[in-house]
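Now for the letters of each chain:
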Amino acid sequence: MPYPRYYDAEIEAMPALEIRRLQLQRLQRQLDYVYACSPFYRRKFDAAGVKPGDVRHLEDLTAFPFTNKDELRASQATAPPLGEHCAAQPKDIIRIHSSSGTTGRPSYVGITRADRDGWIQSVARVHWSQGVRPDSVVAMGFGMSFFVGGLPLHDAIEEIGATFIPVGTGASDRLLSAIQDTRANMLLCTPSYATYLAEYARERLSLAPDSLGITRIQSGAEPGAGVPAIRQRIEADWGCTLTEGIGNADLIPVYAAECDEKSGMHFLAPDMLLLELIDPDSGEPIEFTEGAKGELVATHLQRECVPLVRFRTRDHVVVWTDGCPCGRSGVRLRCVGRTDDMLILRGVNVFPSAIKDVVMSLRPRVTGEIQIVLEQPGPRVEPPLRIRVEHNNSTSGLETLTAEVESTLREKLIFSAAVELVAPGALPRYEMKAQLIHRAYEG
Ligand SMILES: [Zn+2]
């Protein structure tokens, strides 16, 4: 018997109108719960003069205030560890995760039993759309501890019935030997780590990565897998299919992922999360239409412990609404960058991942590794933008290569760069999220 096409056919292929009906029903119930149980939201709603009963259509939610990450941090400082936005009783909380905390102090996210079950559902749909089946053997190359890309992924893979190999980061030798010994055919890791691990296998162990039997890599946690040149390189290195997923520690660990069409990530949790698109500067709503761009805003439709309403994800996405041959009905999206990483050069918004994509198009004369050097805090940068680019051991033609990288960047991304070529291997490699920006002013 072949496996079914979807993990949850009812939700994944549900017609748009029915989804909206389900969302409205759940939104109304959720707002009642939040207002009753979360002191943080009761105060926010009262201050904005809105009440849960005001919501008669999904669009009515736009009258409600946004929630941003700084507010959540302040809320946790006032009422540690989970904050005044926590709506659950301590006895009902079964786990506390930390959000990865790349900037500032870590923030914490709690879940109840029901929250965990919702996470498992969403993440299982995500893995299924990326090819995980009960007979898959999945090696884990994301960090296992604390991070929401650890245990929740494990829970969902075991729920599907696939075999999970919990290795984590920081142990490339063990990860590679575990892949060989267990005959793992899938690998979960960031795009940067997939690239690093392929180099590591080749250079340190004289192993061809495409001989290891990995047929699929599932990526996430940083924009990259959706960038064409990065995807092509990883797929060629490993001889595999690379798909990506996206999630958020404060929302659901992974709520959207690509299918084999690789044409954007299907939003797979419309029964748990309501998504909005907004203009990141004005906050005005943007309609979900083919090719629309904006910042993603999300509201939990069912969450007990730390429910969020109109949370600004700081993820800048492009969305697609036309049909996908796989039959999944929700919108598809791709993250083009995060507010935190965005640079503004004379009014032009530039994301580091886009710079990396352009540089990678010049392979094999460059390795594809880059480092952006900021002399002063962003996001506004006075051009030219300093970028270190690894050349690929060419002994001649380095001056023309410098000029070519600069002109390609100017042409494709409309900003001027000052490129400095560095030797192959000179730039740092990363197991988790790649740090493409070096802040020279921090010493
Ligand atoms: Zn699809």
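Residues numbered from 1 in each chain as written. Predicted model: local features only at pLDDT ≥ 70, side-chain atom pairs only at ≥ 80, totals over all residues. Heavy atoms only, no water.

(A) How the structure looks around the coordination of the zinc ion. For the zinc ion, the full set of protein donor atoms is Cys259 (SG), His266 (NE2), Cys324 (SG) and Cys326 (SG), at a range of 2.1 to 2.3 Å. Taken together, the four donor atoms coordinating the zinc ion and their angles of 101 to 117° define a geometry best described as tetrahedral. Along the chain, the residues that donate to the zinc ion are spaced as C-x6-H-x57-C-x1-C. Of the two residues examined, Cys259 and His266, each falls in the buried class. (Donors = N, O, S within 2.8 Å, 3.2 Å for Na, K, Ca; no water. Tetrahedral: all angles 85-135°; square planar, octahedral: opposite > 155°, others 65-115°. Buried < 20%, exposed > 50% of the residue type's maximum accessible area, 1.4 Å probe, protein only.)

(B) Quick peek at unusual backbone geometry. The residue after Pro80, namely Pro81, is reached through a cis peptide bond having omega 0°. Note that Pro81 resides in the loop between α4 (69-78) and β1 (93-99). A cis geometry characterises the amide bond from Arg363 onward to Pro364, with omega recorded as 10°. Considering the arrangement of structural elements, one finds Pro364 in the loop between α10 (352-360) and β17 (366-374). Residue Ser206 is not a glycine yet carries a positive backbone phi of 50°. By secondary structure assignment, the location of Ser206 is in the loop between α8 (191-205) and β6 (216-219). (Helix = DSSP H or I, 4+ residues; strand = E, 2+ residues; numbered from the N terminus.)

(C) Main features of the environment of Pro223. Inspection of the secondary structure assignment puts Pro223 in the loop between β6 and α9 (228-238). For Pro223, a relative accessible area of 23% gives the class partly exposed. Distance from Pro223 to Ser98, taken between C-alpha atoms, is 21 Å for residues 125 residues apart in sequence.

(D) Structural detail: the pattern of salt bridges. As enumerated under the stated definition, the model contains 33 salt bridges in all. Note that Arg233 is salt-bridged to Asp237, the shortest N-O span being 3.9 Å. A residue pair is termed a helical-turn pair when its members lie 3 or 4 positions apart in one helix, as Arg233 and Asp237 do in helix α9 at four residues. Residue Asp237 is classed as buried on the basis of its relative accessible area, which comes to 11%. The structure contains a network of salt bridges with shared partners spanning Glu199, Arg202, Arg233, Asp237, Glu390 and Arg429. (Salt bridge = Lys/Arg side-chain N within 4 Å of Asp/Glu carboxyl O.)

(E) Broad picture of the domain arrangement of the protein. Domain assignment breaks the protein into domain 1 (1-339) and domain 2 (343-442). Domain 1 and domain 2 are separated by 29 Å when their C-alpha centres are compared. Taken residue by residue, the interface counts 27 residues in domain 1 and 16 residues in domain 2. Taking both partners together, domain 1 and domain 2 bury about 1700 Å²; carbon and sulfur atoms supply 59% of that area. Ranking the residues of domain 1 by area buried against domain 2 places Tyr196, Ile230 and Arg233 at the top, with a combined share of 25%. The interface formed by domain 1 and domain 2 contains one salt bridge. One salt bridge connects Glu199 with Arg429, and the closest N-O pair in it is separated by 3.2 Å. (Domains from an automatic or database assignment. Contact = heavy atoms within 4.5 Å. Buried area = accessible area lost by both parts, 1.4 Å probe.)

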